[in-house]
Amino acid sequence: MNKGIFISLEGPDGAGKTSVLQALLPKLAAFDMELVTTREPGGVAIAEDIRSVILNPENTAMDDKTELLLYIAARRQHLKERILPALDGGKLLLVDRFIDSSVAYQGFGRGLDVKDINWLNDYATDGLVPDLTLYFDINVEEGLARIAKNRHHDVDRLDMETVDMHERVRQGYLSILEQDPERMVKVDASHPLEQVIEEAFSIISKRFFK
Ligand code: TMP
């Protein structure tokens, strides 16, 4: 039985979830729990190696199923080395992307069978599901415009995808939200950053610290 709290952050590219995560840390420090933050794909050395293979813009030959399996492999390693130890140690764990990214991107975005992805996610995580998932919703044009404006990194392979693909990803998230409204809570990420941070903080506080 896990003693910690597991929160994942999800959303289309450009929703700002990574900035929100950083801003949440000093606020969450008010609660008497040690914080751990991490990300997928990555978070531990082996999974970061897999991340660089997945996102390498030179890997244009990558097959969709290969891509899925790499995300799943990275997830398994990350689970064993980082997620489970944090939860067993009673930490408040915030993960930037988890199982829903595979459903939204590889399922709805790439068109792979969502049933297969659910099974692979389950296999990789031994059925572990976050206690709460914050879904940062933004329309595709706005998200892509933000990426172009705030670009801190070189173009990666996923940045090269079409607007249609990003639109399908968003629809994927909205569909998960409909199916799992207890676990996944939507945050309107088109609002000013301060407001988005406040809303995310309020959802977490009400759910776990009231
Ligand atoms: P990031 O930019 O949020 O770090 O994520 C890297 C990219 O990987 C992003 O475009 C979303 C994508 N991704 C998937 O397609 N499937 C997955 O399972 C995960 C975790 C991320």
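Provided above is the structure to which this section pertains.
Below is a summary of the structure that appears in this document. Predicted model, so just to flag it, every value in this text is computed and none were measured.

Rules of the game
- Residues numbered from 1 in each chain as written.
- Predicted model: local features only at pLDDT ≥ 70, side-chain atom pairs only at ≥ 80, totals over all residues.
- Heavy atoms only, no water.
- Helix = DSSP H or I, 4+ residues; strand = E, 2+ residues; numbered from the N terminus.
- Expected span 1.5 Å × (residues − 1).
- Buried < 20%, exposed > 50% of the residue type's maximum accessible area, 1.4 Å probe, protein only.
- Contact = heavy atoms within 4.5 Å.
- 1 Å grid on protein atoms, 1.4 Å probe; cavity = no way out; pocket = protein on both sides within 12 Å on 5 of 7 lines; lining within 4 Å.
- Points joined across faces, edges and corners; volume = space filled by probe spheres on them.
- Nonpolar A, V, L, I, M, F, W, Y, C, P; charged D, E, K, R; others polar.
- Near = heavy atom within 4 Å.
- Polar contact = N/O pair within 3.5 Å; in protein donor to acceptor, adjacent residues only side chain to side chain.
- Areas by Shrake-Rupley, 256 points an atom, 1.4 Å probe, with all protein chains shown as cover.

As a further point, take helix 8 (residues 193-208). If you check helix 8, its first and last C-alpha atoms are 23 Å apart, about what 16 residues at 1.5 Å a residue would give, namely 22 Å. Among the residues making up helix 8, those that are buried are Val196, Ile197, Ala200, Phe201, Ile203, Ile204 and Ser205. As for helix 8, its buried residues are in contact with strand 1 (5-10), helix 1 (17-28), strand 3 (92-96), strand 4 (132-137) and strand 5 (184-188).

What follows is about the layout of surface pockets. In this structure, the second largest pocket encloses a volume near 310 Å³. Put simply, the parts of the chain that give the lining of the second largest pocket at least two residues each are helix 4 (99-109), helix 5 (114-125) and helix 7 (163-179). With five residues, helix 5 is the largest single contributor of residues to the lining of the second largest pocket. Split by residue class, the lining of the second largest pocket holds seven nonpolar, six polar and four charged.

Turning next to the site of the ligand. The environment of the ligand is made up of 13 residues, and the closest members are Arg51, Tyr71, Arg97, Ser102 and Gln106. The side chain of Arg97 places a nitrogen or oxygen atom 2.7 Å from an oxygen atom of the ligand. Surface burial for the ligand is 91%, taken as the share of its 480 Å² of free accessible area covered by protein chains. Contributions of two or more residues to the shell around the ligand are made by helix 3 (64-88) and helix 4. With four residues, the top contributor of residues to the shell around the ligand is helix 4.

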